[in-house]
Structures are given as structure tokens and as C-alpha cells.
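Here's the letter readout for the chains.
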Amino acid sequence: MSILPVPHTAIIVVAAGSGTRLEAGAPKAFVGIDNHTILRHALDGVFAAEPMQVIVVAPAGYEGDAESELLAAAGDRVDLGRVVTGGATRQESVAAGLDALWGDVTTVLVHDAARALTPPSVIDAVAAAVTNEAAALPVLPVVDTLKRVSDGVVTGAVDRSELAAAQTPQGFPRGTLESAYARAAEEGADYTDDAALFAAAGHAVRLVPGSERSFKITTPGDLERARTLLAAAPQATTEVRHHPGALGLPRVGVGTDVHAFGGDGDLWLAGLQWPGEQALSGHSDGDAVAHAIVDALLAAAGLGDIGTHFGTAHPEYAGAHADVFLSRTRELLADAGFVIGNVSVQFQGNRPRFSARRVEAERTLSAALGGAPVAVSATTTDALGFPGRGEGVAVTAVALVVSEGTRGS
Ligand code: CTP
Ligand code: MG
């Protein structure tokens, strides 16, 4: 017997498409990413969010397979889930899901199973943003420069600041969504997503931040991207799922690094070249400040450490400077659904003298992290220990990161 209160929110996970563009020989939802299918990953994310009714819309003939995935993902929330049969279009599949809503449900989320790696925090943020009148739509800014084209030539420019890329889950007040669906069915109109259908009925749609991780698996290249992400960030997924605190709280991480003097050429430290100063030795440029920051950021996101991602197994990083390490680390965090809050780093050593270049170092490191503030401080150790004897330097960094979807809430 379930002791959970009946939830007022439901999520319809549409998984009834055939996956023509993926060309994987099976309906898309049942294609494996790693040892789990697209549907299983999508449902893992759903069940890591706040408890809600979960309706899986399966292709005809695959209801049993969908049921097995639901059971595996639901854990002790199995009473919240059920499977229904989908239709010929996405819109018909959503309508089949709407028919299965419990009476107490007032907020409905509609989610593509194909957005398999959507962070649970985004699901919760969408549900929280729905009001009696307005829908909630997760979006990402458009980064590409867009052109209007016709017959192989550019016919005009498009102002991308007026555009956003829509994702799912999209959240709606139940009654209004049901009326909008009834109206679309009467008119025989077909919409590509539910926010468009809802807006066409004259209702407001509010934006919430989406996530890079919520991309839709459509082509074989997208499937490859999902595989790479899971291989790079398995820990983050597990931690975000199983530690409820991680959904709402910022996370801190600490990193340290030590390098001995003795490398060739000029010193590279804190992303800056120091002509005339003795170089540090190391696999890359020996930039202990950058390396400590990388470790702090990875630790904060639960993504392992610098050796996991940049170790000697990656010859492409030999001789690389701070900007390469830091911008790649920022990408790893973004892929795992994290935004960098700020970084504080402290250097211990006799040389170089930081005071004259501290602001320059902070700007350089911050730029490599996409603008996140970086504070750099430096101290000597009163002639004690290896930094005091001038044998090398020691650096400590602390980083704060925030899970996407909980920003600003
Ligand atoms: N979907 C659905 N019922 C349909 C068509 C699509 O439930 N009749 C679902 C898909 O399973 C997917 C989501 O809607 O989770 C988004 O659709 P899309 O990415 O286009 O998936 P497919 O239609 O399966 O793929 P394709 O268009 O390449 O055939
Ligand atoms: Mg389709």
C-alpha cells in the first residue's frame, strides 16, 4: 500500500513515435543509450523529480515493454505510474495520455521520452512555474546566427534575441490544456508541440531556463552525444538523482595542486605567461592554479577529478594552457546540468609576485569560465615548507556550482 499523498501534478511521457530519423530498427524509446534504453533514462529523470502521476504513452504492441521500463525506474513509486497506447501523431499520443489523468491532477506536464537526459531539476522547475492561467516552457537561448533563406540564397537576417529553442517537459493548467486539445481536435489542427497548441487557443506561455542536457535524441549523431555524456558524467547523474538536497542547494568543491619548479621555458600560472620566471614542471604547462580550479569545479559537480578527464591518457592536453582546461571543464559541467557560481583560489609560494598581475589573472581565468567570478589571492609561507624553500608552489581552490533549473529560485 502506498502512503504517498495523491499528487496534484502529472507528467505524460510520450514514447509512441517510431524513430524514423534514428533508423535504429526499433521504436526510438526502446533503443539503448548505454545498458539502459532512451525510455528508461527519461523515466529515471522523472522519478527523481517530486512525486507526480506518471503516464507513459507507448507504441501499440509495446505496452508490455514500456511497463517493464516503468517498473524498473519507479522503485517504490510504482503506484504512480501507468502505461497507455499512443496514436499516429504526437498530438494524438498526448491526447491518449490526457484521458488517463487522475481526478485530483491540476497541473499537467508533457514530456518527450526522446529528451532522455533531462535533469530532474528542470522537471520540478517547470511544474513549479505553472499557474492557473499560464503554461511553463523550458527554453535555451539560440546561439547560432540565423538567416532567412530561399532557393539556396540568403533573403534576410533574423534577430536571434527574439528567439528561443523550446524543450520539454512543458507544463500546463490541466483544464485549460484539455479544452485547448479538444479545440485542436475539432479543428483538425496539428501542432508540433503542446505550447504551440496552448498558445493558439489564446493562453499565455511563460519561459523557464531549459538545459543543454535536455536535447532531443533525433538522429544517430544525437544518440552518440547522449552516449558520450553518460560516459563522461555517470556520477553526476547518480548523485543528482539520489540526493534530494542536490536539487535545490548550491554545491561546493575543493581542489588543491602542487607543482615543483623545474619545467622548460617561461612560467605559466593562473592562465598568464610570466617571462623570466622559472617554469613549473608537469604533464601540461604545470599551471597549478588552473588545475586546482578544475579539481574544485569537478568535485562540486560530482564529476570526478582532473585525472578522470585530463590525465596522461589524454595526450591532446600535453602542453595545454589554462584556457583549454577551464573551458573544457565548464563544458563538462554544462553537459551535466551545472552552472558555475564563483571560484576562489589561493596560491602559496615565494615566486612569482602576484600583486601586480592579480586583476589580470582574475580576468583571464574568469573569461575561460564563461564569465564566472574568480578571486585570486597569494601568500608566502614565512619560509616554511617546500613553498617557503622555493622548491615549488601549492594552490587551493574552492568552487560553488548550481544545478540548472534551480537558478534564481
Ligand atoms: N511521439 C509519440 N507518438 C507519435 C509520434 C511521436 O508519442 N505518434 C513521441 C516520440 O516518441 C518522442 C516525441 O513524441 O518521444 C518527439 O517526437 P520525435 O522526436 O519526432 O520522435 P519520433 O516521431 O519517434 O521520431 P521520427 O520523427 O524521427 O520518426
Ligand atoms: Mg516525429
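Cut-offs and rules
- Residues numbered from 1 in each chain as written.
- Chains lettered and ligands numbered in written order.
- Predicted model: local features only at pLDDT ≥ 70, side-chain atom pairs only at ≥ 80, totals over all residues.
- Heavy atoms only, no water.
- Near = heavy atom within 4 Å.
- Polar contact = N/O pair within 3.5 Å; in protein donor to acceptor, adjacent residues only side chain to side chain.
- Areas by Shrake-Rupley, 256 points an atom, 1.4 Å probe, with all protein chains shown as cover.
- Nonpolar A, V, L, I, M, F, W, Y, C, P; charged D, E, K, R; others polar.
- Pairing = 2+ DSSP bridges.
- Helix = DSSP H or I, 4+ residues; strand = E, 2+ residues; numbered from the N terminus.
- Axes fitted to C-alpha atoms, helices over the stretch in contact; angles between N-to-C directions.
- Contact = heavy atoms within 4.5 Å.
- Salt bridge = Lys/Arg side-chain N within 4 Å of Asp/Glu carboxyl O.
- Buried < 20%, exposed > 50% of the residue type's maximum accessible area, 1.4 Å probe, protein only.
- UniProt positions renumbered as here; feature names shortened; annotations may be inferred.
- Expected span 1.5 Å × (residues − 1).
- Phe/Tyr/Trp six-rings, centres within 6.5 Å; stacked < 30°, edge-to-face > 60°.

(A) Main features of the site of ligand 1. The environment of ligand 1 is formed by 18 residues, the closest being V14, T20, K28, S93 and K216. Within the contact set of ligand 1, a nitrogen atom lies 3.0 Å away from a backbone nitrogen or oxygen of G87. Here ligand 1 has 560 Å² of accessible area as a free molecule, and 87% of this is covered by the chains. For the shell around ligand 1, a count of residues per class yields six nonpolar, seven polar and five charged.

(B) Looking closely at the sheet that holds strand β12 (residues 272-280). Strands sit in the order β12-β11-β15-β13-β14 across an open sheet of five strands; the sheet is mixed. Two strands lie at the open edges of the sheet, namely β12 and β14 (374-379), each paired on one side alone. Put simply, the sheet's adjacent strands are angled 35° from each other on average, direction ignored. Sheet topology note: the strand β13 (residues 338-348)/β14 ladder contains six bridges and is parallel. Across the sheet, the residue bridging to Q346 is S377, located in β14. Of the strands in this sheet, β12 and β14 touch helix α13 (residues 358-368), which is tilted by about 140° from β14.

(C) Just unusual backbone geometry, in detail. Residues T168 and P169 are joined by a peptide bond in cis, for which omega reads 5°. Position of P169 among the secondary structure elements: in the loop between β8 (164-166) and β9 (170-173). The linkage connecting R351 with the following residue, P352, adopts the cis geometry, with an omega of -5°. Assignment of secondary structure puts P352 in the loop between β13 and α13. Even without being a glycine, A270 presents a positive backbone phi close to 55°. For A270, the location among the structural elements is in the loop between β11 (251-269) and β12.

(D) Summary view of the pattern of salt bridges. Taken as a whole, this structure holds twelve salt bridges when the rule is applied. As a salt-bridge pair, R90 and D194 come within 3.0 Å of each other at their nearest N and O atoms. Within this pair, whereas R90 is found in helix α3 (residues 90-98), its partner D194 is found in helix α6 (residues 194-200), the two being separated by 104 residues in sequence. A residue is classified by how much of its surface remains accessible, and R90, at 24% relative accessible area, is partly exposed. Residue classification places D194 among the buried residues on the basis of a relative accessible area of 1%. Residue R115 pairs with D112 through a salt bridge whose shortest N-O separation is 3.4 Å. Both residues of the pair, R115 and D112, count as buried. Within this structure, R90, D112, R115 and D194 form a network of salt bridges that share partners.

(E) Main features of the UniProt feature "binding site: a divalent metal cation" (unreviewed entry) in the protein. As annotated in UniProt, the feature "binding site: a divalent metal cation" (unreviewed entry) corresponds to D257, H259 and H291 in the numbering used here. Separation in sequence by 35 residues is not matched in space for these annotated residues, since their most distant C-alpha atoms are only 10.1 Å apart. The topology assignment puts H259 in strand β11. Under the relative-accessibility criterion, H259 is labelled buried at 13%. Contact partners of H259, with chain neighbours within four places excluded, come to L280, S281, G282, G286, A288, H291, G392 and V393. Polar contacts involving the side chain of H259 include one to the side chain of D257, which spans 3.0 Å. Position of H291 among the secondary structure elements: in helix α10 (residues 288-301). If near-sequence neighbours (up to four positions away) are discounted, H291 is found in contact with D257, H259, S284, D285, G286, I306 and F325.

(F) Structural context of the UniProt feature "domain: 2-C-methyl-D-erythritol 2,4-cyclodiphosphate synthase" (unreviewed entry) in the protein. Mapped onto this numbering, the UniProt entry gives "domain: 2-C-methyl-D-erythritol 2,4-cyclodiphosphate synthase" (unreviewed entry) at residues 251-401. Here residues 251-401 runs as 32% helix and 36% strand, with 5 Å between its end C-alpha atoms.

(G) Looking closely at α10. Relative to the 20 Å expected for 14 residues at 1.5 Å per residue, α10 spans 20 Å between its end C-alpha atoms, a close match to the ideal helical length. Counting buried positions over the 14 residues of α10 gives 13, a clear majority of the element. Sitting at the amino-terminal end of α10 is D287, which places a side-chain oxygen 3.2 Å from the backbone nitrogen of V289.

(H) Examining the packing of aromatic side chains more closely. Within this structure, the stated rule accounts for five aromatic pairs. Seen from their ring centres, F30 and Y62 are 5.3 Å apart, and the 20° between their planes marks the pair as stacked. With F30 in the loop between β1 (9-14) and α1 (38-48) and Y62 in the loop between β2 (53-58) and α2 (63-74), this pair connects stretches of sequence that are 32 residues apart. We classify F30 as buried; its relative accessible area is 16%. Here the aromatic rings of W274 and F354 are separated by 5.2 Å at their centres, their planes lie at 70°, and the arrangement is edge-to-face. Of the two residues, W274 is situated in strand β12 and F354 in the loop between β13 and α13; the sequence distance between them amounts to 80 residues. In this structure F354 comes out as buried when scored by relative accessible area, which is 3%.

(I) Representation of the pairing of β9 in the model. The side-chain alternation of β9 yields two buried faces, one formed by Q170 and F172 and the other by G171 and P173. Looking at chain direction, strand β4 (residues 107-112) and β9 are connected through four bridges and run antiparallel. Across the sheet, residue V110 finds its bridge partner in β9, namely Q170.

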